[in-house]
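Overview (structure and organization)
This is what each chain is made of:
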Amino acid sequence: LADADSALEIVDRCCRDIRIIGCMLAPVSLAEMPFEAAIEQYTGYFREETGVSTTLDIDPLPGEVHREVKYLLLATVQMWTARAIRFGPRAKVTVRLRSPAAATVLELEALKDHSALQPAAFLGGWSIIRERVAALGGEFDIAAGPDRAHARLWLPGVIESEYDI
């Protein structure tokens, strides 16, 4: 009986891990909902499956922002939250999106729990995001310390739908 309970616990843990991997890898669709709702839905599902606390602070983007820019922002949020898992189950992630008159700014923060993992895991693997942001005339900065990682993605102006990306 103890072996059966142990086996069921392992199966449950494996199923949960598969759902987390699916959450991390599946692209978020903008076809069925507004951009802000897509981020809320993704981070809500992420929070439910991983237990990582997520806080959203999102200003609505102007309606004319190019769809590819929205996908770039979503991909960045997805990569960030996936890496937050390494900070431990009690990590805290904050996603802030601002759209002042002359820019779009995405700020991401992760605070680690008391796990022994290093925040350096946040620093590598961002070359595609960096290149895409640079191609749009923006900046992507990331820094990690012993208990905190922070990223800032800045895009100039409003990149409109007619703009050829």
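Here's a quick rundown of the structure. (Residues numbered from 1 in each chain as written. Predicted model: local features only at pLDDT ≥ 70, side-chain atom pairs only at ≥ 80, totals over all residues. Heavy atoms only, no water.)

A few points about the overall build of the protein
- Counting its secondary structure elements, the protein contains 4 helices and 5 strands.
- Along the chain direction, N to C, the helices and strands of the protein fall in the order α-α-β-α-β-β-α-β-β.
- Within the protein, buried positions represent 39% of all 165 residues.
- The contacts of the protein with a sequence gap of at least 6 include a subset with a gap of at least 24, amounting to 67%.
- Element-wise, carbon and sulfur atoms account for 56% of the exposed surface of the protein, whose accessible area totals about 9,100 Å². (Helix = DSSP H or I, 4+ residues; strand = E, 2+ residues; numbered from the N terminus. Buried < 20%, exposed > 50% of the residue type's maximum accessible area, 1.4 Å probe, protein only. Contact = heavy atoms within 4.5 Å. Areas by Shrake-Rupley, 256 points an atom, 1.4 Å probe, with all protein chains shown as cover.)

Observations concerning the pattern of salt bridges
- Tallied over the full model, the rule gives 4 salt bridges.
- In this structure, the salt-bridge partner of D57 is R98, at a minimum N-O distance of 2.4 Å. A residue pair is termed long-range when its members are at least 10 positions apart, and D57 in strand β1 (residues 53–58) and R98 in strand β2 (residues 92–98) qualify at 41 residues.
- Sharing partners across several salt bridges, the network here consists of D57, D59 and R98. (Salt bridge = Lys/Arg side-chain N within 4 Å of Asp/Glu carboxyl O.)

Concerning the packing of aromatic side chains
- Throughout the structure, instances matching the rule amount to 3 aromatic pairs.
- Ring geometry for W126 versus F140: centroids 5.3 Å apart, planes at 40°, classification tilted. Of this pair, W126 sits in the loop between β3 (103–111) and α4 (127–135) while F140 sits in strand β4 (residues 139–144), and the two are 14 residues apart along the sequence. Grouping residues by exposure puts W126 and F140 together as buried.
- A connected cluster of aromatic rings, assembled from ring pairs, spans W80, W126 and F140. (Phe/Tyr/Trp six-rings, centres within 6.5 Å; stacked < 30°, edge-to-face > 60°.)

A word on helix α2 (residues 35–50)
- The end-to-end C-alpha separation of α2 is 22 Å, in line with the 22 Å expected for 16 residues at 1.5 Å each.
- Looking at α2, one finds that the buried residues are F35, E36, A38, I39, Y42, T43, G44, F46, E49 and T50.
- Residue G51 follows α2 closely and has a positive phi angle near 85°. (Expected span 1.5 Å × (residues − 1).)

Considerations on the nonpolar core
- One finds F35, L73, W80, L106, F122, F140 and L153 to be the most contacted residues of the largest nonpolar core, which totals 37 residues.
- In terms of residues, this core owes the most to one element, helix α3 (residues 67–84), which gives 7 residues. (Core = buried A, V, L, I, M, F, W, Y, C linked by side-chain atoms within 4.5 Å.)

Comments concerning α3
- The first and last C-alpha atoms of α3 sit 26 Å apart over 18 residues, in line with the 26 Å expected at 1.5 Å per residue.
- Counting buried positions along α3 yields 13 of 18 residues, so the element is predominantly enclosed.

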